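Here are the chains, one letter per residue:
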Protein chains: 2
Amino acid sequence: MDIYRAGQRATLKGNPDWFTGTVWQDAIIDTPEPARGRAVVVSFEPGARTNWHTHPLGQTLFVLSGVGRVQKHGEPVRAIRPGDTVWIAPGEKHWHGAGPETRMVHVAFHEAIDGSHVEWLEPVDDSDYRAEPAD
Amino acid sequence: MDIYRAGQRATLKGNPDWFTGTVWQDAIIDTPEPARGRAVVVSFEPGARTNWHTHPLGQTLFVLSGVGRVQKHGEPVRAIRPGDTVWIAPGEKHWHGAGPETRMVHVAFHEAIDGSHVEWLEPVDDSDYRAEPAD
């Protein structure tokens, strides 16, 4: 059994190749084999979001605080709020992030296959990002 | 992409065959194959704890609020606080729960194999539960 105490691991800034705006990542766990799950707390400042991307084995988001947005490619933007869960199926092109005026913090968890848990794609255009959420 | 809104799914009471005291469970996700991850928010009232148990592919706990306890069999009880992460390796006999006088809420995530993610064992004796935490 390993315990990682709050504050023991530095918060990392999201790589600008994969994110628009300021994003902070606090590691929870990268499980060792034969497990393959990974989890991270991600904090998006207002206006910040991921690039479009896919996950080979899907991803679950659980919103801890703030109000953010998520969009599956070809579908409307949706608003997400504390306590909401988002399940993104394997291979679904999508993005997630803060609202234009509101921060958002979520836990993200996903599983790795052959050492990879994500395929990064292009940034989300402002026009896509700022569309009015469907709900 | 599926969104489960906060409040959409009822909170479930922990099965007394597997828990001592009052425990509440809010589902986050049971991922569909080929994923195998599961996540749940678990709220332990003061004095409440799991039975001893093991996980075939391990388990990660991430403490959201309160102060609780965790113990690997044969090692001292440890205190856990908000922001702490606990990694329990596959097959490690352990328990987790609230403090005797303090509630604790954590996210738990683990992976299923052949449809199972846990093997439940005997309840935690009061003398084990109430031992002074090592830290």
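Residues numbered from 1 in each chain as written. Chains lettered and ligands numbered in written order. Predicted model: local features only at pLDDT ≥ 70, side-chain atom pairs only at ≥ 80, totals over all residues.

## With respect to the overall build of chain A
And then number 1: Regarding its fold elements, chain A presents 1 helix and 14 strands.
And then number 2: Taken over the C-alpha trace, chain A has a radius of gyration of 14 Å; the compact-globule value for 135 residues is 14 Å, and the two agree within 12%.
And then number 3: For chain A, the spread of C-alpha atoms along the principal axes amounts to about 45 × 30 × 30 Å.
And then number 4: A total of 135 residues make up chain A; the buried ones form 38% of that total.
And then number 5: Considering only residue pairs separated by 6 or more positions, chain A has 72% of its internal contacts joining residues 24 or more positions apart. (Helix = DSSP H or I, 4+ residues; strand = E, 2+ residues; numbered from the N terminus. Rg over C-alpha atoms; globule rule 2.2 N^0.38 Å. Buried ≥ 20, exposed ≤ 12 C-beta atoms within 10 Å, placed from the backbone. Contact = placed C-beta atoms within 7 Å.)

## A word on the interface of chain A and chain B
For an interface, size is often stated in terms of accessible area lost upon the parts coming together.
And then number 1: Contacts between the two partners involve 36 residues from chain A, matched on the other side by 35 residues from chain B.
And then number 2: Contributing elements (two or more residues each) for the side of chain A that touches chain B: strand 1 (2-4), strand 4 (23-30), strand 5 (37-44), strand 8 (59-66), strand 10 (78-80), strand 11 (85-88) and strand 13 (104-111) of chain A.
And then number 3: Tallying contributions element by element places strand 11 of chain A first for the side of chain A that touches chain B, with 4 residues.
And then number 4: For the side of chain A that touches chain B, a count of residues per class yields 20 nonpolar, 8 polar and 8 charged.
And then number 5: Two strands pair when backbone bridges link them, and strand 1 of chain A and strand 11 (residues 85-88) of chain B are joined in this way by 3 bridges, in the antiparallel orientation. The partner of Ile3(A) across the bridge, within strand 11 of chain B, is Val86(B). (Nonpolar A, V, L, I, M, F, W, Y, C, P; charged D, E, K, R; others polar. Pairing = 2+ DSSP bridges.)

## A word on the sheet that holds strand 5 (residues 37-44) of chain B
And then number 1: An order of 1(A)-11(B)-8(B)-13(B)-5(B)-4(B)-2(B) is seen for the 7 strands of this open sheet, with the pairing classed as antiparallel. Each end of this open sheet is capped by a strand with a single partner; those strands are strand 1 of chain A together with strand 2 (12-13) of chain B.
And then number 2: Note: strand 5 of chain B against strand 13 (residues 104-111) of chain B, 8 bridges, orientation antiparallel. The residue of strand 13 of chain B that forms the bridge with Val42(B) is His106(B).

## Things to note about unusual backbone geometry
Residue and element names in this part refer to chain A.
And then number 1: In this chain, glutamate 33 is followed by proline 34 through a cis amide linkage whose omega measures 10°.
And then number 2: Relative to the helices and strands, proline 34 is located in the loop between strand 4 and strand 5.
And then number 3: A positive phi angle, near 50°, is found at aspartate 114, a position not held by glycine.
And then number 4: By the secondary structure assignment, aspartate 114 is in the loop between strand 13 and strand 14 (119-120).

Remember that the coordinates give geometry; whether it matters functionally is a separate question.
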